[in-house]
Amino acid sequence: MKLGVVGLPNVGKSTLFNAITHAGAQAANFPFCTIEPNVGVVAVPDERLDKLAALYNSKKITPASIEFVDIAGLVKGASRGEGLGNKFLSHIREVDAIVHVVRCFEDENVVHVESNVEPIRDIETINLELILSDMESVQKRYDKAVSMIKTGDKKYQVESALLKRILDCLEAEKPVRSLEFDEEEQKYVNGLFLITSKPVIYAANISESDIASDIEDIPLAKKVRDYAVKENSETLVISAKTEEEISELDPEEQQMFLDDLGLKESGLNRLVKASYRLLGLISYLTSGEPETRAWTIKNGTKAPQAAGKIHTDFEKGFIRAEVVDYEVLLECGNYTKAKELGKVRSEGKDYVMKDGDVVLFSFNV
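Counting from 1, residues in each chain are numbered in the order their sequence is written. Reporting of local features is limited, given that this is a predicted model, to residues whose pLDDT is at least 70; pairs of side-chain atoms are given and counted only at 80 or more, and all residues count toward the totals for whole chains, interfaces and linings. Based on all heavy atoms of the structure, the side-chain values leave hydrogens and waters out of the count.

Visitor: I'd like a rundown of the side chain of Lys198, residues and numbers included.
Guide: A run of H or I in DSSP counts as a helix once it spans at least four residues, and a run of E counts as a strand once it spans at least two, with each numbered from the N terminus. Along the chain, Lys198 turns up in the loop between α6 (183-190) and β6 (200-205). Asp96 provides the closest opposite charge to the buried, unpaired Lys198, separated from it by 6.3 Å. Contact between two residues is taken to exist if any of their heavy atoms lie within 4.5 Å; hydrogens are not considered. For Lys198, the contacting residues outside a window of four places in its chain are Ile92, Arg93, Val95, Asp96, Ile98 and Arg177. Residue burial is assigned from relative accessible area. The probe radius is 1.4 Å, only protein chains are included, and a residue is buried under 20% of its type maximum, exposed over 50%, and partly exposed in between. Charged-residue counts in this description rest on Lys and Arg as positive and Asp and Glu as negative, His and the chain ends being excluded. Counted as salt bridges are all cases of a side-chain nitrogen of Lys or Arg within 4 Å of a carboxyl oxygen of Asp or Glu.

Spelled out as structure tokens, the structure:
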């Protein structure tokens, strides 16, 4: 999973990126501090892995991972090359989802490119640039499809009609993700790599003094939440500065710090959960003495395709999957006991995987 972190300059993007990835991206109080996109790969927090590893005496633990890309601050006119322009819009096309950091704190010591803090204006500034960039791309495809209609091939009529619907949506200043497509249309749209078709998490970056407050009591963050709800996007309320401080502590100190702040979990954990929900992802688990590992798949994936995540031969020669629920396995104490109690199921090709399934695949190639 690859997430692109975007936003206006000086909204806390690189600070949040640093906190999440410990990558040390430069963060400073002036626009375009981030020139080349910084990339950080982080482990997906999953407490199930440690418990499984203890059960199997595993020598190695391999969590799932997420790649974060910190993309340079966009400004009004980016689609026309303003600021750092189209170069950075191209980086966004490569990600699975967008984390849009929005400034929801007042601080006279941190300059704002628009001179004052107004989250909805900031969101719409970025969104419009993404829409304009997509519009240019779709217009070229549409013009080409229309010109090919004269060949008599009906596929160009279907293609041009779909592109016209997308173009009309963009011209109305709405993201492509606001449209609904059937399965075939969605495949075609995926191939367009449109920025505004990607799901979004709006990260409302609040001040440290607002951390313990309910979102209803943080007017700027509430505006972001209400905006996100209208377009079926996720909202994450987070203090990037605080998360950066937390990231510099040892694990035990981190938990104490979180407890003192009245937080149940870190911003990274909440961001990962929001990302999984947004992209419809789950994890299944494999465990043994050599390794305990989490595998990320789309919700609804069947057993053979899940096996293919480990190796293509597993999918090609799939025979069956021996499956036990993680919680049940822990209750039983070990795999042998779970099998004796009839808790291990033998599932075939039509089995739809569930989050927390502990699996042993049988295959023959």
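Visitor: Any chance you could break down the packing of helix α1 (residues 13-21) against helix α8 (residues 240-247) for me, citing the residues and the numbers?
Guide: Every axis corresponds to a line fitted to the C-alpha atoms, with the helix fit spanning only the stretch in contact, and the corresponding angles, defined between N-to-C directions, vary from 0 to 180 degrees. With their axes 8 Å apart at the nearest point, α1 and α8 run at an angle of 30° to one another. Between α1 and α8, the interaxial angle falls into the category roughly parallel. Taken as a pair, α1 and α8 cross one another with a handedness that is left-handed. Contacts from Thr15, Leu16, Asn18 and Ala19 of α1 reach α8 at Ala240, Lys241, Glu243, Glu244 and Ser247. Taken together, the residues that form the contact of α1 with α8 break down as three nonpolar, three polar and three charged. Small angles under 35 degrees read as roughly parallel and large ones over 145 as roughly antiparallel, with 65 to 115 read as roughly perpendicular and the rest as oblique. Left-handed describes a crossing whose near helix is turned anticlockwise from the far helix through less than a right angle; right-handed describes the clockwise counterpart. Side-chain classes are defined by residue name, with Ala, Val, Leu, Ile, Met, Phe, Trp, Tyr, Cys and Pro counting as nonpolar, Asp, Glu, Lys and Arg as charged, and the others, Gly among them, as polar.

Visitor: Could you give an account of unusual backbone geometry, naming the residues involved and the relevant values?
Guide: Outside of glycine, negative phi angles account for most residues, and trans bonds account for most peptide bonds. One non-glycine residue, Asn10, adopts positive backbone phi at about 65°. Judged by relative accessible area, which is 13%, Asn10 ranks as buried. The residue Asn232 is not glycine, and still its phi comes out positive at about 55°. Within the secondary structure, Asn232 is located in the loop between α7 (219-230) and β7 (234-238). Assessed through its relative accessible area of 70%, Asn232 is described here as exposed.

Visitor: Before we move on, could you go through the pairing of strand β5 (residues 97-103) and cite the residues and values that matter?
Guide: Working note: regular strand, side chains alternate between the two faces of the sheet. Of all seven residues in β5, seven are buried, a share of seventy percent or more. Along β5, one buried face is formed by Ala97, Val99, Val101 and Arg103 and the opposite face, lined by Ile98, His100 and Val102, is buried too. The pairing of strand β1 (residues 2-6) with β5 spans four bridges and is parallel. Directly across from Val6, in β5, lies its bridge partner His100. Strand pairing is assigned whenever DSSP detects at least two bridges linking the two strands. With six bridges joining them, β5 and β6 adopt parallel strand pairing. Within the sheet, the bridge partner assigned to Ile98 lies in β6 and is Val200.

Visitor: Which residues make up the packing of aromatic side chains, and what values do they have?
Guide: We call Phe, Tyr and Trp rings a pair once their centres come within 6.5 Å, taking the six-membered ring for Trp, and we label the pair stacked below 30 degrees between planes, edge-to-face above 60, and tilted otherwise. One pass over the full model with this rule turns up five aromatic pairs. A ring pair is formed by Tyr202 and Tyr227, whose centres lie 5.9 Å apart and whose planes are at 90°; its orientation type is edge-to-face. Note that Tyr202 is positioned in strand β6 and Tyr227 in helix α7, a separation of 25 residues in sequence. The exposure classification of Tyr202 matches that of Tyr227, with both residues buried. Each ring, one from Phe318 and one from Phe361, has its centre 6.3 Å from the other, and the planes form 65°; the classification is edge-to-face. Taken together, the residues Phe318 in strand β10 (residues 318-325) and Phe361 in strand β12 (residues 357-363) connect sequence positions 43 residues apart. For Phe318, a relative accessible area of 7% gives the class buried. Aromatic ring contacts, followed pair by pair, group Tyr284, Trp295, Phe318 and Phe361 into a single cluster. A cation sits over an aromatic face here: Arg293 above Trp295, 4.1 Å from the ring centre. Here, over-ring charges are defined by two tests on the NZ atom of lysine or the CZ atom of arginine: distance to the ring centre within 6 Å, and angle to the ring normal within 35 degrees.

Visitor: Tell me what's going on with the pattern of salt bridges, and back it up with residues and numbers.
Guide: Close approach of charged atoms allows side chains with opposite charge to pair. One pass over the full model with this rule turns up 22 salt bridges. A salt bridge links Lys2 to Glu67; the shortest N-O distance between them is 3.7 Å. Of this pair, Lys2 sits in strand β1 while Glu67 sits in strand β4 (residues 65-70), and the two are 65 residues apart along the sequence. According to the relative accessible area criterion, Glu67 is partly exposed, its value standing at 26%. Between Arg93 and Asp134 there is a salt bridge, and its shortest N-O distance comes to 3.0 Å. Of this pair, Arg93 sits in the loop between α3 (86-92) and β5 while Asp134 is found in helix α4 (residues 119-148), placing the two residues 41 residues apart along the sequence. Taken individually, Arg93 and Asp134 each receive the classification buried, so the pair is uniform in this respect. One salt-bridge network, in which partners are shared between bridges, spans Glu216, Lys222, Arg225 and Asp226.

Honestly, that's just the spatial picture; any functional story needs more than this.
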